[in-house]
Structure formats: structure tokens, C-alpha cells
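Reading the structure
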Amino acid sequence: RGRMLSRSLVALRQLGAAGGVQAGARAMSTQASSLTYAKRGTPMSLTVEAAPLAAPSAAQVQVKFLAASVSYADFYPISTSHEVKTDLPVKDLKVRFAKAQSIGPMDPIAGPLGKAPKTPAVGGLEGVAVVEAVGSSVQGLSVGDWVLPSAGVGTWRTHAVVEQKDVVKVRNDIPVEYAACLSISPAAALRLLEDFETLKAGDVIMHNCANGLVGQALIQIAAARGIKVISVMRPKVSLDDISDHLKILGSFAVVPEPMLRSHYMQEVFADLPPVKIAFDGVGGSSGSLLARAMPKGGRIVSFGAASGQPMVLPAEKGYKIEGFYLSKWLEKNGTAARQKMIDTLADHVADGKLKMLLERSQFTKHRVSLNKAFEGMRDRRLVMTF
């Protein structure tokens, strides 16, 4: 990740004081505080701005944010200035005189957003808010409902006025921290399991980046369906602890990445059917090692590129490589499908079938929260509450 994102600290500048809305106050009098960036690129600079909200127009809703997720992915739209590409790069090459393919890396902005944000913009890709006021033509939403905004809305703010089409409703009897993290990672995990192979109980799948929120959600959803999950972990100090946690979530086996090169994998696969599909969220050598454990002609779906490097795979293996972009799925399937997906995930949370490693912080201490989230290899997702 270090190659893709500067390790400089996030700069913050205070321009105004955060305000609040009182019961019965008009929308015009609501003060909104936000973390805004004027331009993309490094060094990253976020400004704390405060301004009054205009009243929502006919098709808009005014919302007050309850919680917002903070992860490494939130920094990519801020720190990078390249043109966003939503196709998985693939090119032929030769490695030691043998034909090979270079796959990726995926564009880190393309997955959740699909395109670069227009600046100035408010930071934050995910969050949950409560509706405070609705426009005259808004249907299906009422004051007091919880909503999840689309990734481009910007969630590092206290309040916002947004188009109704840019939010979906979520049940309000689950923890706000969980609701704030449903829109991207668990959503991606569900799509990976449902959109590429018809998976049934007893099937075997593999994935890397297992300690990330996509990985943790994928394990739990798959295990609940009787699917055997082999989780691959990159070496790290807390490997034993997170390995135990992933097994509790439902992993059939947790494999340290270096073991993919060893005879140990023969023991893992001994009594299992062939791996039906693999999901790569890292790319580079990690993705290449994951592919190495797949049968010839195996199917591999790339959903991220934490390493910032391409996978290099031997052409003779005939792997079927595809990229998954949540932004493309949302654009193709629309609001109704997104609503159904969020309902499914929220029900999993309410039923105790989807748990997340989260760390709570406060928006008033956003400087600490952002710099903690900037650390690589975090197992716990930071969530700012308001």
C-alpha cells in the first residue's frame, strides 16, 4: 500500500465550529460541519468547514449522520490524482522464456466509486444517517428513518442534504457502527459469493486479505451456507490471534501465505473437492500465490489490490481471471437491488450471523481517528460516531 499512498499525516485546518440542530428547528438554521478536501493528491489536506444547510428541495432529504466508517480505502480518492479506470488491466508477457499474463492492479477508487470525485468534496465513503426532513415529492422515507448514502455523497460530516436516489433505507435496530459499514465491504462479499459461481453446501472457496472487512464478511456468509472457506493471511505480528478469530467466524482453514508454497496445502486439500473459485483482494505476489493453489483452469476474481502490484500468472495454467467492481454492479442493478442487498446484510447483523471487528471513535476527535485508520494491516475498522 505504501507505493500507492503517501505515508504523510493527514493535515487538518479548522475553519468553523460544528453546530447542532435542535428539536423543531428549521432546516435553514442547521449548521453542518464537514471534513472537506479542495483538491486530490499528496500531501493530503482536509479542512474542517462549517456552513448552514439549505432546506431540502422536492426530491431531497436532510439527514444527520450517526456514524461514519474510516478505512484505508477512504484515503485513495483524496490522495491520488490519476484518471480512474474501471477495467482490470491484463497484458501478455514472458517470464524466463515462458508465456505469462500480468493481471491488474485494480484501480482502488474504481471499486466503490467508479469515477473520481469532483472537488471540493467531503471525505468518507460509508456511513449511516437519520432523516431529519424530507422534500415534498419524497416517497418511502420519513423523519426518523435510518439511511445509507451512496459512496460519492461524503460521510465525514454532521449533516447533509442529499437526493433521495442517493440513499437507501436500513433497519434501525442494529448498532450504528455496523450500519455504517454495510454499504461496501459486506456488500462486496455478498456479491462475490452470489454473482460468479452457483455455490452450494460442501463447495470449497479460497480468498486472501482474509482479515479485511470483505474477508470477514465473506467467511461468515459462506459458512452460514455450508460453504468451506480457506482463508489466506499475509504474515503479521497478530497472525495467531486473527487466525483464531477467523476460525471462530467460520473459516474451514486459515493458511499463512508462505505455506501456499509448501506440501502443507496437500494436507489441507486432501479430503476436499477442488476449489471452485478464489477471491483476490491483494494482487502482486499474494495474488500469484493464491492462484498457485488453484487447479488448472481455475476461476479467480480480483476485487482489490492492497499491494498495488499486478499478479503474474503462467499462461499455461489457463486461469479464468475476472475483476469485480461494486460500482459497476450498483450502476447496472439500480436502487431496488441495492435496497434488497442492504436488507439482507442488515438482517444478518440483526440475527447475529454477521459480526465485525470495529473500533469506535468520535467525530470530534477526527484527527486521531484518521491517522489511526491510515495505519496499514488493521484488523479493526474505525467508525466515527457523532
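The notes below deal with the structure included here. Predicted model only: the values in this text are computed from it and were never measured. (Residues numbered from 1 in each chain as written. Predicted model: local features only at pLDDT ≥ 70, side-chain atom pairs only at ≥ 80, totals over all residues. Heavy atoms only, no water.)

**As for the pattern of salt bridges**
- For the coordinates displayed, the defined rule picks out 15 salt bridges.
- For the salt bridge of Arg299 with Glu322, the shortest nitrogen-to-oxygen distance reads 2.5 Å. With Arg299 in strand E16 (residues 299-302) and Glu322 in strand E18 (residues 320-323), the pair connects residues that are 23 residues apart, well separated along the chain.
- Each member of the salt-bridge network shares a partner with another, and the members are Arg191, Glu194, Asp195 and Arg225. (Salt bridge = Lys/Arg side-chain N within 4 Å of Asp/Glu carboxyl O. Helix = DSSP H or I, 4+ residues; strand = E, 2+ residues; numbered from the N terminus.)

**Here we look at the packing of helix H3 (residues 185-194) against helix H8 (residues 326-350)**
- The interhelical angle for the contact between H3 and H8, taken along N-to-C directions, is 100 degrees, at an axis separation of 11 Å. Classified by the interaxial angle, the pair formed by H3 and H8 is roughly perpendicular. Counted together, Pro186, Ala187, Leu190 and Arg191 of H3 and Leu326, Trp329, Met341, Thr344 and Leu345 of H8 form the full contact between these two elements.
- A class-by-class count of the residues in the contact of H3 with H8 yields 7 nonpolar, 1 polar and 1 charged. (Axes fitted to C-alpha atoms, helices over the stretch in contact; angles between N-to-C directions. Parallel < 35°, antiparallel > 145°, perpendicular 65-115°, else oblique. Contact = heavy atoms within 4.5 Å. Nonpolar A, V, L, I, M, F, W, Y, C, P; charged D, E, K, R; others polar.)

**A short note on the packing of aromatic side chains**
- This model, assessed by the stated rule, comprises 5 aromatic pairs.
- Both rings, one in Tyr72 and one in Tyr76, keep their centres 6.0 Å apart while their planes meet at 70 degrees; by these two values the pair is edge-to-face.
- The class of Tyr76 is buried, set by a relative accessible area of 6%.
- Three or more aromatic residues joined by ring pairs form one cluster here, namely Phe65, Phe363 and Phe386. (Phe/Tyr/Trp six-rings, centres within 6.5 Å; stacked < 30°, edge-to-face > 60°. Buried < 20%, exposed > 50% of the residue type's maximum accessible area, 1.4 Å probe, protein only.)

**Describing the nonpolar core**
- Ranked by internal contacts, the top residues of the largest apolar core, which has 108 residues, are Trp156, Leu182 and Ile205.
- Grouped together as the second largest cluster of nonpolar side chains are 12 residues, Val131, Val147, Val153 and Val167 included. (Core = buried A, V, L, I, M, F, W, Y, C linked by side-chain atoms within 4.5 Å.)

**A look at the sheet that holds strand E5 (residues 90-95)**
- Read across the sheet, 3 strands follow the order E5-E6-E17 without closing on themselves; strand pairing throughout is antiparallel. Bordering the open sheet on either side are E5 and strand E17 (311-314), each of which pairs with just one other strand. Direction aside, the axes of adjacent strands within the sheet are offset by 35 degrees on average. (Pairing = 2+ DSSP bridges.)

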